[in-house]
Amino acid sequence: MMNSPADGPYRAPADCPVSDGDLVTTRLGCPRCGSELGGHFERCGFCRLSVEQLELLTVFLSSRGNLREVAKQQQVSYPTARARLSALLQQLGIPELGSEPGDDVAEPQAVPESPSSRAELLARVAAGQLDPAEAARLIARG
């Protein structure tokens, strides 16, 4: 369905509809005075995001990075919200701070010292504060 001018500005396509190659911006224009500038201009990484990814980023920023709130707003589980955020970071070429390649946990966790620590870890998993795989790894090390 085509957008009408009343729908607002059009979203620029990222890929060529003929060859599926990357499109480049070659002309910029000022709607106020009509002047134009031609050349090859680099696109920002955010311009390549899908509508869904932009919505996720908006929710993430408006919740000040609270993934539990992101999961709630997007009506998905915490692990799904975390996976979507990881995919978004990967799309933007941003490494996840504090993680190694293949490691899906961004924050180091304390090793349990006693059976009560194990119960605390399991409670954190139940509350959505800790990834189950990380909890299992910590329990195995402890």
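Procedures and definitions
- Residues numbered from 1 in each chain as written.
- Predicted model: local features only at pLDDT ≥ 70, side-chain atom pairs only at ≥ 80, totals over all residues.
- Heavy atoms only, no water.
- Salt bridge = Lys/Arg side-chain N within 4 Å of Asp/Glu carboxyl O.
- Buried < 20%, exposed > 50% of the residue type's maximum accessible area, 1.4 Å probe, protein only.
- Axes fitted to C-alpha atoms, helices over the stretch in contact; angles between N-to-C directions.
- Helix = DSSP H or I, 4+ residues; strand = E, 2+ residues; numbered from the N terminus.
- Parallel < 35°, antiparallel > 145°, perpendicular 65-115°, else oblique.
- Left-handed = near helix turned anticlockwise from the far one by under 90°.
- Contact = heavy atoms within 4.5 Å.
- Nonpolar A, V, L, I, M, F, W, Y, C, P; charged D, E, K, R; others polar.
- Expected span 1.5 Å × (residues − 1).
- Arc of directions from axis to C-beta.

Participant: Looking at this model, I keep getting lost on the pattern of salt bridges. Mind explaining?
Facilitator: Pairs may arise between side chains of opposite charge once their charged atoms sit close together. Scanning all chains against the criterion turns up one salt bridge. In this structure, Arg27 engages Glu36 in a salt bridge whose closest nitrogen and oxygen atoms are separated by 3.4 Å. Owing to a relative accessible area of 56%, Glu36 belongs among the exposed residues under this scheme.

Participant: Help me out: how do you make sense of the packing of helix H1 (residues 51-62) against helix H2 (residues 67-74) in this one?
Facilitator: Two quantities define a packed helix pair, namely the angle between the axes and the distance from one axis to the other. Taken N-terminus to C-terminus, the directions of H1 and H2 make an angle of 130°; their axes are 9 Å apart at the nearest point. Overall, the two elements H1 and H2 adopt an arrangement that is oblique. Judged by the sense of rotation from one axis to the other, the crossing of H1 with H2 is right-handed. Between H1, through Glu55, Leu56, Val59 and Phe60, and H2, the contact on the second element is made entirely by Leu67, Val70, Gln73 and Gln74. Per-class residue counts for the contact of H1 with H2 are five nonpolar, two polar and one charged.

Participant: Would you mind showing me how to read H1 here?
Facilitator: Note: α-helices contain 3.6 residues per turn, so residues at a spacing of three or four share the same orientation. Between its first and last C-alpha, H1 extends 16 Å over 12 residues, near the 16 Å set by a 1.5 Å rise per residue. Inspection of H1 places Gln53, Leu56, Leu57 and Val59 among the buried residues, and these make up the whole buried set. An end-on view of H1 places all buried positions within 165° of arc, on one side of the element. Facing away from the buried side of H1 by over 90 degrees, the exposed positions are Val51, Thr58, Leu61 and Ser62. On its buried face, H1 is in contact with H2 and helix H3 (78-92). At the exit of H1 stands Arg64, carrying a positive phi of roughly 55°.

Participant: Just checking my understanding: could you explain the environment of Leu23 for this structure?
Facilitator: Within the secondary structure, Leu23 is located in the segment before strand E1 (25-29). As for Leu23 and Pro13, which are separated by 10 residues in sequence, their C-alpha atoms are 7.6 Å apart. Residues contacting Leu23, with those up to four places away along its chain left out, are Pro13, Ala14, Asp15, Cys16, Arg43 and Arg48.

Participant: Mind showing me how you'd approach unusual backbone geometry here?
Facilitator: One can expect most non-glycine residues to show negative phi and most peptide bonds to be in trans. Despite not being glycine, Arg64 shows a phi value in the positive range, around 55°. Residues other than glycine seldom take positive phi values, yet Gln75 does so here, at roughly 55°. Residue position: Gln75 is located in the loop between H2 and H3.

Participant: Just checking my understanding: could you explain H3 for this structure?
Facilitator: Here H3 is 15 residues long and its end C-alpha atoms lie 21 Å apart, about the 21 Å a rise of 1.5 Å per residue gives. Taken as a whole, H3 has its buried residues at Ala81, Arg82, Leu85, Leu88 and Leu89. For H3, the angular spread of the buried residues around the axis is 120°, confining them to a single face. If you follow the buried residues of H3, they end up packed against H1 and H2. A positive phi of about 75° marks Gly93, the residue just after H3.

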